[in-house]
Amino acid sequence: MDRQFQLNAFRTGIAQFVTFTEREWEVFIQHLSFSSLNKKEHFAIEGKVCDHMAFIVKGALRYYHLKDGQEITGYFSFENELASAYKSFLRRTPSTNYIQALEETELVLISYNNFQKMLSLPLLALKIERFGRLVAEYYICCYDDRVTSFITQSPEERYTSLEKTRSDIFQRVPQHFIANFLGITPVSLSRIRKRTLLQ
């Protein structure tokens, strides 16, 4: 994929957090790297420190935990979204979950070391600090929404909400992962889908 296209997508995608002047951008992009993940390849692994924050230019990632040998899907990230085991990234502690590519995925990366370097640059320091804070707020809000949905919504309501906000997920993600994410069995998901199609 063309590097300039990736950089343009990244610049547009992070504009909700931070915008740069042309001079700032030229310095900023010197601290970026690029990566491709094959389907099923991992971006983060439980027990290892996550060294990067990523922006997804193309593709999809699944966040999951392993419990008693079973995979429990907690979240998905798609194009134009950020991805990281952010607590591990910030605190330099081992990740508590896995992040895996569901399809061929193209990423723009900021390493922890380069993040720290930018914080020490007078030209970028304030904006990078703000960027880091707003990304943390973004993750807190995502987590809060996820927890709240399990407390206040039925599985069918969670399904309907997912269908409204991310309808393409049903073509891109295996059904058993979606069922797991919704906290139901694949059979229950199939029933809910049939009921909603008949309405």
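Scroll up to find the structure.
The paragraphs below set out a description of the structure included in this document. If you're wondering where the values come from, they're calculated on a predicted model, not measured in any experiment.

1. Remarks on the overall build of the chain
Inference 1: Along the chain, the regular secondary structure elements total nine helices and eight strands.
Inference 2: Taken over the C-alpha trace, the chain has a radius of gyration of 18 Å; the compact-globule value for 199 residues is 16 Å, and the two agree within 12%.
Inference 3: Projecting the C-alpha coordinates of the chain onto the three principal axes gives extents of approximately 55 × 35 × 30 Å.
Inference 4: Expressed as a percentage of the 199 residues in the chain, the buried residues total 43%.
Inference 5: By sequence separation, contacts in the chain at least 24 residues apart represent 71% of the contacts at least 6 residues apart.
Inference 6: For the chain, the accessible surface area stands at approximately 11000 Å², while carbon and sulfur atoms represent 53% of it.

2. With respect to the sheet that holds strand S3 (residues 52-58)
Inference 1: Spatially, S1-S8-S3-S6 is the arrangement adopted by the four strands of the open sheet, whose pairing is antiparallel. Only two strands of the sheet have a single partner each, and these edge strands are strand S1 (32-37) and strand S6 (82-83).
Inference 2: Bridging between S3 and S6 involves two bridges; their strand directions are antiparallel. If you follow Ala 54 over to S6, its bridge partner there is Ala 83.
Inference 3: Each of S3 and strand S8 (105-111) touches helix H4 (residues 112-119); the most contacted strand, S8, lies at about 50° to it.

3. Re helix H5 (residues 125-152)
Inference 1: The terminal C-alpha atoms of H5, which comprises 28 residues, lie 40 Å apart, in line with the 40 Å expected from a rise of 1.5 Å per residue.
Inference 2: When we look at burial in H5, the residues that qualify are Ala 125, Ile 128, Phe 131, Gly 132, Leu 134, Val 135, Tyr 139, Cys 142, Arg 146 and Ser 149.

4. Here we look at the nonpolar core
Inference 1: Core analysis: the biggest nonpolar cluster contains 41 residues, and Phe 10, Ile 14, Phe 28, Phe 43, Ile 110 and Phe 131 have the highest contact counts within it.
Inference 2: Every residue in contact with Phe 43, bar those within four places of it in the chain, is listed here: Leu 37, Cys 50, His 52, Ala 54, Ala 83, Ser 84, Ile 99, Leu 107 and Leu 109.

5. Structural notes on the environment of Tyr 63
Inference 1: When you line up the elements, Tyr 63 lands in strand S4 (residues 60-67).
Inference 2: Judged by its relative accessible area of 9%, Tyr 63 falls in the buried class.
Inference 3: Each C-alpha atom of the pair Tyr 63 and Asn 180 lies 11 Å from the other, and the pair is 117 residues apart in sequence.
Inference 4: Within polar-contact distance, the side chain of Tyr 63 engages the side chain of Ser 77 at 3.1 Å.

6. Some words on the sheet that holds strand S2 (residues 42-44)
Inference 1: The sheet built from four strands is open, its strands ordered S2-S7-S4-S5 with antiparallel pairing. Bordering the open sheet on either side are S2 and strand S5 (70-78), each of which pairs with just one other strand. Put simply, the sheet's adjacent strands are angled 30° from each other on average, direction ignored.
Inference 2: Each of S4 and S5 touches helix H8 (residues 175-182); the most contacted strand, S5, lies at about 95° to it.

7. What about the pattern of salt bridges?
Inference 1: Following the criterion strictly, the structure yields eleven salt bridges and no others.
Inference 2: Residue Glu 22 is joined to Arg 11 by a salt bridge in which the shortest nitrogen-to-oxygen separation is 3.0 Å. On the criterion of sequence distance, the pair formed by Glu 22 in helix H2 (residues 22-28) and Arg 11 in helix H1 (residues 3-13) is long-range, its members being eleven residues apart.
Inference 3: With a closest N to O distance of 2.9 Å, Asp 168 and Arg 166 form a salt bridge.
Inference 4: The network of salt bridges with common partners includes Glu 79, Glu 81, Glu 103, Arg 166, Asp 168 and Arg 172.

8. Things to note about unusual backbone geometry
Inference 1: In this structure, Lys 40 is a non-glycine residue whose phi angle is positive, near 80°.
Inference 2: Examined against the element boundaries, Lys 40 turns out to sit in the loop between S1 and S2.
Inference 3: Phi angles above zero are rare outside glycine, and Asn 80 is one such case at about 65°.

9. Thoughts on the environment of Ala 83
Inference 1: Relative to the helices and strands, Ala 83 is located in strand S6.
Inference 2: Taking relative accessible area as the criterion, Ala 83 reaches 0% and is therefore assigned buried.
Inference 3: Ala 83 sits 51 residues away from Leu 32 along the chain, and the two C-alpha atoms are 15 Å apart.
Inference 4: Dropping the residues within four chain positions of it, Ala 83 is found in contact with Phe 43, Met 53, Ala 54, Ile 56, Leu 61, Tyr 63, Ser 77 and Tyr 139.

Rules used throughout
- Residues numbered from 1 in each chain as written.
- Predicted model: local features only at pLDDT ≥ 70, side-chain atom pairs only at ≥ 80, totals over all residues.
- Heavy atoms only, no water.
- Helix = DSSP H or I, 4+ residues; strand = E, 2+ residues; numbered from the N terminus.
- Rg over C-alpha atoms; globule rule 2.2 N^0.38 Å.
- Buried < 20%, exposed > 50% of the residue type's maximum accessible area, 1.4 Å probe, protein only.
- Contact = heavy atoms within 4.5 Å.
- Areas by Shrake-Rupley, 256 points an atom, 1.4 Å probe, with all protein chains shown as cover.
- Pairing = 2+ DSSP bridges.
- Axes fitted to C-alpha atoms, helices over the stretch in contact; angles between N-to-C directions.
- Expected span 1.5 Å × (residues − 1).
- Core = buried A, V, L, I, M, F, W, Y, C linked by side-chain atoms within 4.5 Å.
- Polar contact = N/O pair within 3.5 Å; in protein donor to acceptor, adjacent residues only side chain to side chain.
- Salt bridge = Lys/Arg side-chain N within 4 Å of Asp/Glu carboxyl O.

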